[in-house]
Every structure is written in structure tokens, then in C-alpha cells.
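Residues per chain, in single letters:
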Amino acid sequence: MGVPAPEEQGEDQDAWSAQSKDHAFAGNWRPVMTDAIDFAVFVEKFLGEVPRGIPGDAEMRRRDPHPFVDTTAADIRPDHLDDDQIDSWFSYMAWNLWELIASRSTEGESGLIPRQEYETLSFVQQWDVYPEAMRTITAAVGVDGLVELGKVSKREVGTKVNHLRNYACALMAILGRGVGIKLDLVDPVRSRADVQTCIQFGRRLWHGTWGDGPGLASGRGFALPHLDADVREPLIAAAAPLTDPAERTLFRRFNASTELFGFMVHYDNRLGMGDTGPYPLPGGGFALVRDHFLNEPSYGWAAEVGQGMPYAVTEVMVFRNPDIAVTINDIGTTFTTPSTYLDHLDSVVVFARDTIDTPMSELRVLGADEMRAISAKAEKGVLDLYRLYARMSVDDKIWDGITVYSHDFMRPLAQRAGVWDEVRQGGFDAPTELTERAWPTLASGRAGEILAPVFLLGDGFPTVRPQR
């Protein structure tokens, strides 16, 4: 979801004024626009009205005081939703997605990987296979089992059963519905049952992480401090002061090289990384916890370049400077003011989770020599991946990108539930009929044209209500 941010990311929090007219974003209202849309207006504010950040969340909650992105122990249980609940979820998620995209609007795009094409087609593929996968997982573990899956990210680091998957597995599929409707391949009303399945599946996971209340970082002050105290405190306590400039240089090389490697292994997106926090510290300051996934055995290209690396590394970073402002969005991206937050890093420790099944009790601390070795392997691996991707056809790269998206947002959950082999047989390893029908249009150079209104104008969330 976006090109790799630099090793340090920053975002000033603008003091937006949220004075807007009331509109139901998931209904029929759209801004009046000429054929030549000035998308800059819609990057500045959602639909030209609602700002980014905490003021934007406040405005969305003024319009809908009880958005269905918030959960209760009671409202996660029904399988059937009414139209108002669906529209409420659509409305908030349209703003939430816009906020995420707008906050990263200055990033570039790789000319090597056709990300817009594979991303758009991935959404379609996910819409075609995810609802049934979600029903299979729910049948295996029940509603309470989904809530328990949502708790995994409170108890573990170096796991892909994390907030990113919980946040996005429903969202990606719903966006595929929106793209399919734009292409006249999906009926907005007949797709209602699958919409319900996706929304409730995600909300049950969110409830496991947070309990009653907002299920998203955007509703919690743009923070993801979900590690339980008894898990995070020993990790933070292991952080060692950075007093030697050489140690700081070593860590920054390690952080940058493993981030880029994880990014490229996962086909130019952020599925290979994620932050949680900020975690306030006694006496002031905060900690960030950052995962980079390196040795992913699920993809042939990744297994080859990741040989000899841990499955995941987790960086625990401690900052004592009280003047650093920090936010984290729902895909685990950290923004700070000032942007050069790593210049203020006081203490750090890096853990390795050697395999996907390594227990938390067997996390180990990486020493300087191993960090250097992993950095070197990551740097070589990035070059090897660039050479590999440069040799591949566009269609092959699109399919690999679809594979990463469709597998990686669902496989960790299905594996933990013990049903991945069954789920995988539901169409995960080849383009579905719907994907094949969408492919000629979305791989023809029109993906960006279709994605822009989906991301920026709320077009990914057409109502399920019959239109008169």
C-alpha cells in the first residue's frame, strides 16, 4: 500500500477546521464535478469537506455519533446487518481510506512493478474469494474464536496476525466490490450478503484487539498501543542505550535495509512491515515497536532471497524527547514531527523470531555481528529482486502481486484458525472468473483512472440499498 517511506517518516498535523455540511457519504450524494476533476481539492479534504487526522474523525463522529466501525460485545454477534449499519460502516471507512491515501499522497511509485494494476485486480480477486473464506474460518472457530484471533496482536510481536490484516481483510474485499460495480461486473444489491460477512468478520477481529469502542487507529487518536503491558514491558526493558555513534549507524543501516527488503519481498507494498505504539513510558517519552518480515516461506521468490534470515525481526525503539509528536495509522505507518525522529533515538533492541512458529518465549536478541550480516543479506536480496522483477513479464508481475495481496491479508488468519488448506482451495491460486473478466480493463492502463475515485471520492463503497 504505497511505496516505501524513507527510514524516517514525518507528517505535520494540520489544524483543520471541521465546518461542513451533513452528507451521507455511502448514499447517493457526490460532489458536483466537471469532466476534468481537480483531484487536488479532494486530497486536501475528503469530498472537499472533511479534514484529515483527529479533526476529521471528530467531524465524522459529529455526523454519525455511533459509527459502525465501533464495536460492542453484543453488535459483533449477529450475521445479519441492517442498511443503516452497512451505510454507517461504508461512510466512515470511505473517509478512513481517503485519510490513509491522502497522508501518503507525496509518495512516488515504482516503475518496476505494476502496483496499481495488481492492486486493483487484487481487490476484485479478494471480493470473489474472501467472503467464503471468512465463512469457512468463522465456521471453524466461531465468533468467539475470531475475537481470540483479534487478541493475538496484543500478545505477540513478529506475527502477521496483526492489526493490518484485521483492519484490511474486509476493506480490501469491499473495495473489490466497488471496482466490480464500476465495471458493471457486480450487482450492488445482490452482493449484500457478502458485504455483511466481510463487515462482521473484520469487526469481530477488531473487538478482540480493542474491546468495546473504536476498532480503528483513526478512532483512537491515530495510535496503535495494543501490546499488553506484560508483553511490551520486558521488550522495552531490554533496550540498550545508543551511546556509540557506530552503534547508531549500525541500527539505522539495519532498519533501512530490512525495511526495503521486506517491502520488495512483498511486491512493493507494506505487508512486510508495521509499527505499533506509541507506548508512553514512566518518566516521559515513548516506545515504538516495529516488525519487519524477512524470510517468508509462502512465496518462492521470497524463500530464495530470505534464506538464512529470521522469519521476522522486531525493533523496540525508546525515545525520551518530550517534543516529538507521533501518530500511527491503520496500516502501521508512523508519522512524526519532527520527521527526523531517529536522530532522537535513545535506546534500542532488536529481536528475532526465527520461524513463523517460534514461541514468544524463544525470541532472541540480535547482536551487532548478526545485524550486520542480516543487513548485508537484505541489501543483496533487494538487488536480486530488482533483477528478477526486471526480467519478468508485466502479466506475471501482476499475478504475483495479486497472489501476495490475496494470500497475505487472509492466510495468517486462516493458518492460525487451522483451515488455510481448505480456504486456499476456494480460488486463491488462480485468477477467478471475475478477476479474468476485469483483467483486460484493469491491466490496460486504466487502473489509476479507476482507483482515484475509489480512494479519494468514496466510490469504493456503493450502497446496498435498491436504487429507485
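Just so you know, these numbers come straight off a predicted model, no measurement behind them.

Before going further, it helps to examine the overall build of the protein. When helices and strands are tallied, the protein shows 15 helices and ten strands. Against the 2.2 N^0.38 benchmark of 23 Å for 468 residues, the protein shows a C-alpha radius of gyration of 21 Å, consistent with a compact globule. Based on the C-alpha atoms only, the size of the protein along its principal axes is roughly 70 × 50 × 45 Å. Per-residue burial for the protein yields a buried fraction of 59% across its 468 residues. When contacts within the protein are restricted to residue pairs at least 6 apart in sequence, those whose partners lie at least 24 apart make up 81%. Here the protein contributes 45 positive and 68 negative side-chain charges, whose respective centroids are spaced 1 Å apart.

This paragraph deals with the pairing of strand β7 (residues 325–328). Here β7 runs beside strand β8 (residues 334–337); their pairing, made up of four bridges, is antiparallel. Within the sheet, the bridge partner assigned to I328 lies in β8 and is T334. Counting the residues that bridge the hairpin from β7 to β8 gives five residues, and of these G332 lies at a positive phi of roughly 75 degrees.

Under the counting rule described, the total for this entry stands at 37 salt bridges. Between E156 and R353 there is a salt bridge, with its nearest N and O atoms 3.1 Å apart. A residue pair is termed long-range when its members are at least 10 positions apart, and E156 in the loop between α4 (115–155) and α5 (163–182) and R353 in strand β9 (residues 345–353) qualify at 197 residues. Judged by relative accessible area, which is 17%, E156 ranks as buried. On the accessibility criterion, R353 (5% relative accessible area) is buried. Residues R165 and D408 are paired through a salt bridge, measuring 2.3 Å at the closest nitrogen-oxygen approach. Separated by 243 residues along the polypeptide, R165 in helix α5 and D408 in helix α11 (residues 394–408) bring together distant segments of the chain. D408 shares its class with R165; the two are buried. One salt-bridge network, in which partners are shared between bridges, spans D83, D84, D87, R192 and R465.

With an omega dihedral of -10 degrees, the bond running from G277 to P278 counts as a cis peptide bond. Residue position: P278 is located in strand β4 (residues 273–280). Each neighbour pair has its own omega, and for T337 with P338 the value is 0 degrees, a cis peptide bond. Tracing the backbone through its elements, the reader meets P338 in the loop between β8 and β9. In this structure, Y267 takes a positive phi of about 65 degrees despite not being glycine. Its location among the elements puts Y267 in the loop between α8 (245–265) and β4.

Attention now goes to the nonpolar core. By size, the foremost hydrophobic cluster in this structure holds 123 residues, and its most contacted members are W89, I137 and F461. Ranked by the residues each element gives to this core, the list is headed by α4, at 13 residues. Excluding residues that lie within four positions of it along the chain, W89 makes contacts with F68, V69, A170, L171, I174, I199, R203, W206 and F461. If you look at the next biggest cluster of nonpolar residues, it comprises 15 residues, including A239, V318, V349 and L363.

Where helix α2 (residues 53–63) meets helix α3 (residues 83–103), the axes come as close as 11 Å, and the angle between the chain directions of the two elements is 170 degrees. Taken together, the axis directions place α2 and α3 in an arrangement best described as roughly antiparallel. Seen from above, α2 lies across α3 with right-handed handedness. Side by side, α2 and α3 meet where G53, G56, D57, M60 and R61 of the first sit next to S91, Y92, W95 and E99 of the second. Within the contact of α2 with α3, the residues separate by chemical class into three nonpolar, three polar and three charged.

What counts and how
- The numbering scheme is per chain: residues are counted from 1 as the chain's sequence reads.
- Under the rules for a predicted model, residues below a pLDDT of 70 receive no local features and side-chain atom pairs below 80 are neither given nor counted, while totals for whole chains, interfaces and linings still include all residues.
- Side-chain numbers here rest on the full set of heavy atoms in the structure, without hydrogens or water.
- To qualify as a helix, a DSSP run of H or I must reach at least 4 residues; to qualify as a strand, a run of E must reach at least 2; elements of each kind are numbered from the N terminus.
- Based on C-alpha atoms, the radius of gyration is set beside the globule rule, defined as 2.2 Å times the residue count to the power 0.38.
- Burial classification: accessible surface area is computed with a 1.4 Å probe over protein chains only, and a residue below 20% of its type maximum counts as buried, one above 50% as exposed, and the rest as partly exposed.
- Any two residues having at least one pair of non-hydrogen atoms within 4.5 Å are treated as being in contact.
- Charge counting follows a simple rule: Lys and Arg are positive, Asp and Glu are negative, and His as well as the terminal groups are ignored.
- The atom standing in for a charge is NZ when the residue is Lys, CZ when it is Arg, CG when it is Asp and CD when it is Glu.
- Should DSSP find at least two bridges between two strands, the strands are regarded as paired.
- Any carboxyl oxygen of Asp or Glu within 4 Å of a side-chain nitrogen of Lys or Arg constitutes a salt bridge here.
- We call a set of buried Ala, Val, Leu, Ile, Met, Phe, Trp, Tyr and Cys residues a nonpolar core when their side-chain atoms join them within 4.5 Å.
- In this analysis an axis means a line fitted to C-alpha atoms, helices contributing only their contacting stretch, and an angle means the value between N-to-C directions, from 0 to 180 degrees.
- Working rule for angles: under 35 degrees goes down as roughly parallel, over 145 as roughly antiparallel, 65 to 115 as roughly perpendicular, anything else as oblique.
- Less than a right angle of anticlockwise turn of the near helix away from the far helix marks a crossing as left-handed, whereas a clockwise turn marks it as right-handed.
- Each residue receives one of three labels: charged for Asp, Glu, Lys and Arg, nonpolar for Ala, Val, Leu, Ile, Met, Phe, Trp, Tyr, Cys and Pro, and polar for the others, Gly being one of them.

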